[in-house]
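Okay, here's what each chain looks like letter by letter:
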Amino acid sequence: MSARILPVANPREVRRYAREIVARHPRALAVTMTLYSLAAVAGLVGPRLLGQLVQGVQDGTTISHIDIVAASLAGFVVLQTALTRYAYVAAGRFGTTVLAELREDFVQKVLALPLSTVESAGSGDLVTRASRDVDALRRSAQMAAPEILVAVVTMLLTLGATALVSPLLSAVILIVVTPLALVTRWYLRRATAGYLRENAAYARITDGLSATVEGAATVEAFGLQQRRIASADEDIRGSYAAELYTLSLRTVLWPVQEFSYVVPVAGSLLLGGYAYSRHWVTLAQVTAVTLYIQQLMVPLNTLLDWLDTLQVGGASLARLLGVAQVPSDRTEGDHAVSAPRDLVGREVRFAYVEGRDVLHGVDLVVRPGERFAMVGPSGAGKSTLGRLLAGIHGPRTGTVALGGAPLIELPLDELRGEVVLVTQDHHVFAGTVRDNLQLGVVIGGEDETGPGVAGGAVPSAVTVGDDQPSGGGERKPGVDGTVSRTAPDGDDELWRALQAVDADGWAAALPDGLDTRVGSGGIALTAPQAQQLALARLLLVDPKVLVLDEATSLLDPRAARHLERSLSAVLAGRTVIAIAHRLHTAHDADRVAVVEGGLIAELGSHRELMAADGAYARLWQSWHGDAAPAPPAV
Amino acid sequence: MRRLPVPDPGQPDARSATRYLLWLVRNERATIFGGMVFGVLWMVSQALMPAVIGRTIDAGITHRNSGELLRWSAAVLALGATTATSGILRHRNALVNFLAAGYSTVQVVTRQAVRLGATLPKLVAAGDVVAVGTSDVAEIGGGLDVTARLSGAIVAIIAVAVIMLTTSVPLGLIVLVGVPIVTALTGILLRPLHERQQHFRVRQGELTARAIDIAAGLRVLRGIGGEAAFAERYRSESQGLRAAAVAVTRVESGLAAVEVLMPGVMVAGVTFLAARFALDGKLTVGELVAFYGYAAFLATPLRTLMEAADNMTRAHVAARRVVRILNLNPEINDPDGSAGPELPTGATLADEESGLRIPPGSLFAVVCADPGEADSLAARLARFEDAGAPALGGVPLAAVPVSEVRKRILLSRNSDRFFTATLRDELDTSGRATASEIGAAIDAASARDVVEALPDGLATEVVDGGRTFSGGQLQRLRLARALLAQREITLLVEPTSAVDAHTEARIAQNLAALHAEGGGGASAGVLAGVGGGGLVEARLMVAAGALRVSDVHTASGVPEAQPVRRAGHPALREERQETEMGADTAAELLGQAARGYAGTGIPSQASMTQATMIQASTSPSMSVSASAPSLVPAVPVPLDSVATVVDGAVQPTVATHATSLATSAASLPANGTAASPVAAPATPTGSAASRRTTVVFTTSPLLLDHAHIVAYVEGGRVAAVGTHRDLLLLEPRYAAVVTRGEDE
């Protein structure tokens, strides 16, 4: 339960990263900006022409002049239309490209998280980052960023055009710059937190509702109806408070903004009228400036509207980048695993929290090919010892070494070829059954260079049936380059793995067999089925040492027993360390370690431990019932 | 501002989607009216802006009249101030409309969800209900929110039309006909885009789901490798989505272009005509500028009209989904009619269909040959399914309100989840448990270490439905919660399937100890029956591991069947009707009952013999039940348990001191009192605990060994009953199921 929160990047790093990723596409950015600028310029012709018309009408002009002005007005509209279209496409391409890079980067970083972090952090925080933060970023990168870009360009050009028409009249804009800037700054300082709180509060409502719905049976069983109703009302109260807060921010911001847009219009009319009466400016200039100022408010409004989205995106980006800041937990050494592949723990001590050791100097030798069981009460340190034996954590003091090579110093790919940990934490990936089975094979099959890394094929020793007398060597993918993953030959392998974990029955009954889509968006597999898939996947990876931490705990006890038996036949010759809460696992093992209080309290075969008449024997007797005939030792 | 949420949203009108929406409107009429008023002010003040600017140019500028100039500039400012003020007030009202509609919907859907309870997942996919919270609420809110802007748009369009027509009829007509056509055209162009965007959003959701999938399954991925494949797949999907996004952008760009083109053309055309009119002197210069302004402005209210139509359609669709959920009804219903029978306390829970009979106060275990059977049997006994005819003390569960059954019988399954609150609140579902009771339950469930590992102990917030706990930890917390609920009968389905053997052993002992409490280890029971024309009563005691039968009383002269008539107890009559067993079954049950009350291990051989002996002693013709209350001692000391014999079968019934002491004490020979030196429980709570029944559906030998009675169910019927050890010896199929599952 060490729910360590993953780090969050600081604002400077976020800015640097944003600059970097934008700078990767200088051309796309330049094209977008140019097109939008041209479109904005074309759009600025309108007021100017109208000004001319007004002036013309005022001064008395010809119909043909009006026709020409109107025609050019229409012409610029068409030009602006065309430019806008291309600018939009360019901006869209730029935005989506940047966004795709951002999210791919993030997933890459998630996938590179150190093993120990993954094992101890839990997935909640990460899932939030992958869903809410990526989504917030999408809004920022795909919507806010282009809109803001366009708004800024349009605004600058409109300002320029205004100044060009009449520097004097355009000065009225300055009246509102300060109040607008002040109120916007005041708002932005509060808005991000406010909107994040609002979103979080709303998420609580939906989470609460889905908890009520998913737990409807529990609600009924325990009579929690009033509680759930009260809890929903409480969530709503929280959401309403958050909404009222941001509303109060907008109640300040909006009127100031909206009034600010009108003030320069009135100002330009007033000043324009005065200047016109003094013959400093023409009527055309007054009209054009007034209309420009009115037009200016559109991009300004857009800019202010999207700024807070951009801020929220920045906060999300900080969390996404934070994932990359977890330091590596492995120090690669140059030891090679050599035969005999004894898995040796010496004086192993380990603590999750400094000063609180959970293992107190464990000594242990697991021989190659041995079936080794660990039993003991919860919190005794079995799972921790399992993780150390799988090379996920390094010991605080002491060593855990396989064939003389400390596990924590093995390169990750090599480690996985040697030792694999399977926990009760099951997950069915969205994809086909085949995808789920071949997760690890891809690595094993394509990376043939690492010493001791097996090919994708299950060696003959692992086959269940006796219809496969030939060795597995020729079926190794990549040997002749012709064996494809979907070849029937490859399927045989998958089916054998499924058969070994008793999953061939339900798998064959799936509508599309191995091609059936499972996991989110597909057929939902039960927890026991998910565990079976995980074990079948493991068989395909075929490591030398397997650490099974309650890997069958979700199966019906009888099914678990059967599965373990067939699995153990398939895994003959592999070292299997099983942490189990069902004693038949211990009974079937070559040796049993009773772990208590971070130490191995008893060690020996089932028979030896029974003969020793210690804790294990007592547990076995109470579990098994002394009236039953003693099962034959295997 | 209104205070939200309202304490009670009331009964929604769920007859149709429209009625539901109208119900919401009625509830929010004040803010809806307010929103409309300010919406009109806000939009009209904007509509008048071109006119006022035009007047400023005409009256103030072209005529070089500084007084007029000042006046009209002030009017511009005043109009701007009106827009700004009414704008925010409209927004405030509209937001409340939006929120109140959404919140009310969440409230009524939550109330409906808890009303449906266990039926909910059977009738509707969880996703559909959750979608109410994630999207429908916003759609419905959007429908109400838009009313403010809609009314503003309508009034503004009318206002502009009037102004334009009074200025220039032909130009006014052109604008009034042209702008709607242009807007409608844009709308038609929009439609296919909406569909494409929808499709694109679905793909976007899929990619997000992929990222979540990777994050959630990261442990597996990192554990055995496959990152490269996943990164590659994600990259290609991400790039695919990027390409799709670009394609959508292309279509969108067409729209963006049309949005520039259409009003642009409109403005150009109007300006062209207006300029000609102005040249002819039919329009002033200011009016020319104003017409330019109207043409540009009108697009806004017209877009609002279309948006409103769209919002209301979507609100209607969303309301339809909400109404569908609101119209669902629970599968399990209260019996028709008013006051039916009441569930008796301390009675046997019996299931006719399977032949299962669970005596009160016992730690009873059920082993099902087929694991799926355990689920349905447990659901049936707790009336989570309307099947068979389970009865408590002869009163069918279906004959009393469901809430009554829930108060008495708890079903705790591994599929049960936790919610988001402090662990203390999550465990103490009644909210009434004392700290020591909570502590005791945690200890009994062997979950002390789980709580202690938490940063704030019991005050720690349970997040994400408890998914941060491991399977074994969750199971122990679930057990603690079930024990704390302190129901008379607790059904636990595979409560220890995910905990290790050491912990399981402790839990088994703790459960047994809970049931031995109050009996003080030397538990006792009274066995009584009417036989041979008389009342037979024997006292069973277990002390030092041996069963002792004492105080065998035979009250002669009591006519057969008389106690039934005399007591007139409704439960008794029921009891009698439902039990017809052979003499050997009776003997077996007799033995079980004896052991059941004993609570702790009696050597199986001994108990069988003793049971037979008791049976013999009460034979030959036990036929009518004695009333349980009749055996309650006159002194108000809670008796551990009383067994009655009906038709040769022991009917264990717990008699509480609350049950009609007066009638029984008066009507029965004093021998009832003679049998009373039962070890009295130390505390009332202890006695309550000892009277509680726990039924465990399991195949775990550790739990079974501690159960008082074990029933083995095969093919939907009870195939054998006895203690675990008896059954291991006598029933090979049982032994196969519980010890190994599969013998070599």
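Here goes a summary of the coordinates provided. (Residues numbered from 1 in each chain as written. Chains lettered and ligands numbered in written order. Predicted model: local features only at pLDDT ≥ 70, side-chain atom pairs only at ≥ 80, totals over all residues.)

Helix and strand content of chain B: 26 helices and 16 strands. By the burial criterion, 55% of the 744 residues in chain B qualify as buried. Long-range contacts, defined as pairs at least 24 residues apart, comprise 77% of the intrachain contacts of chain B with a sequence gap of at least 6. (Helix = DSSP H or I, 4+ residues; strand = E, 2+ residues; numbered from the N terminus. Buried ≥ 20, exposed ≤ 12 C-beta atoms within 10 Å, placed from the backbone. Contact = placed C-beta atoms within 7 Å.)

Moving on: the sheet that holds strand S2 (residues 356-366) of chain A. Residue and element names in this part refer to chain A. Ordered by their spatial adjacency, 4 strands build an open sheet running S2-S1-S4-S5, and the pairing between neighbours is antiparallel. Either end of the sheet is taken by a strand with one partner, and the two such strands are S2 and strand S5 (405-406). In the sheet, strand S1 (residues 343-353) pairs with S2 via 8 bridges, with the strands oriented antiparallel. Note on S2: the bridge partner recorded for Leu 343 is Val 366. Contacts from helix H11 (residues 382-389) reach S1, S2 and strand S4 (397-402), with the element oriented near 120° to S1. (Pairing = 2+ DSSP bridges. Axes fitted to C-alpha atoms, helices over the stretch in contact; angles between N-to-C directions.)

This part covers the sheet that holds strand S5 (residues 395-396) of chain B. Residue and element names in this part refer to chain B. The 4 strands are arranged S2-S1-S4-S5 in an open sheet whose pairing can be described as antiparallel. Looking at strand neighbours, the two that pair on one side only are strand S2 (356-358) and S5, the edges of this open sheet. The pairing of strand S4 (residues 391-392) with S5 spans 2 bridges and is antiparallel. Residue pairing for S5: Leu 392 is matched across the bridge by Val 395.

This paragraph deals with the pairing of strand S3 (residues 363-368) of chain B. Each regular strand displays side chains that alternate between the two surfaces of the sheet. Residue and element names in this part refer to chain B. For S3, the tally of buried residues reaches 6 of 6 residues, placing the bulk of the element in the interior. Alternating residues of S3 divide into Leu 363, Ala 365 and Val 367 and Phe 364, Val 366 and Cys 368, and every residue in both groups is buried. Where S3 lies against strand S14 (residues 693-697), 4 bridges are found, and the strand directions are parallel. In the sheet register, Val 366 faces S14, and the bridge partner there is Phe 697. Across 5 bridges, S3 lies against strand S15 (residues 709-714) in parallel orientation. Note on S15: the bridge partner recorded for Phe 364 is Ile 709.

Let us now look at the nonpolar core. Within the largest apolar cluster, 375 residues are counted, with the highest numbers of intra-cluster contacts made by Ala 536 of chain A together with Ile 214, Leu 288, Ala 295, Val 366, Val 367 and Leu 491 of chain B. Non-local contacts of Val 367 of chain B, meaning those with residues more than four positions away in its chain, are made with Thr 699, Leu 704, Val 710, Tyr 712, Val 713, Tyr 734, Val 737 and Val 738 of chain B. (Core = buried A, V, L, I, M, F, W, Y, C linked by C-beta atoms within 7 Å.)

This part is about the pairing of strand S12 (residues 599-604) of chain A. Residues and elements named next belong to chain A. Across 5 bridges, the pairing between strand S11 (residues 591-596) and S12 is antiparallel. Looking at the pairing, Val 595 lines up with Ile 600 of S12. If you look at the hairpin formed by S11 and S12, you'll find 2 residues sitting between the two strands, and Gly 597 has a positive phi there, around 55°.

Further remarks concern the interface of chain B and chain A. Where interface size is quoted, it is often the accessible area lost as the parts come together. In this complex, chain B contributes 138 residues to the contact, which on the side of chain A involves 139 residues. A per-element tally of the side of chain B that touches chain A places helix H8 (residues 227-279) of chain B first, with 31 residues. Broken down by class, the residue content of the side of chain B that touches chain A amounts to 74 nonpolar, 41 polar and 23 charged. (Nonpolar A, V, L, I, M, F, W, Y, C, P; charged D, E, K, R; others polar.)

All names here are of chain B. Along the polypeptide, Leu 427 turns up in helix H12 (residues 423-427). Residue classification places Leu 427 among the buried residues on the basis of 26 C-beta atoms within 10 Å. In sequence terms Leu 427 and Ile 442 are 15 residues apart; their C-alpha atoms lie 8.9 Å from each other. In this structure Leu 427 touches Ile 438, Ala 441, Leu 477, Ala 480, Arg 481 and Leu 484, once residues within four positions along its chain are discounted.

The omega torsion across Leu 4 of chain B and Pro 5 of chain B is -5°, close enough to zero to call that bond cis. Note that Pro 5 of chain B resides in the segment before helix H1 (17-27). Residue Asp 542 of chain A is not a glycine yet carries a positive backbone phi of 55°. Considering the arrangement of structural elements, one finds Asp 542 of chain A in the loop between helix H17 (527-541) and strand S9 (545-549). Look at Asp 542 of chain A and you get buried, because 26 C-beta atoms sit within 10 Å. Positive phi values are uncommon outside glycine, yet Asp 613 of chain A reaches one of about 60°. Position of Asp 613 of chain A among the secondary structure elements: in the loop between helix H20 (606-612) and helix H21 (615-624).

Looking now at helix H18 (residues 557-570) of chain A. With 14 residues, H18 of chain A extends 20 Å between its outermost C-alpha atoms, agreeing within 8% with the 20 Å of an ideal straight helix rising 1.5 Å per residue. Listed in full, the buried residues belonging to H18 of chain A are Pro 557, Ala 560, Arg 561, Leu 563, Glu 564, Leu 567 and Val 570 of chain A. (Expected span 1.5 Å × (residues − 1).)

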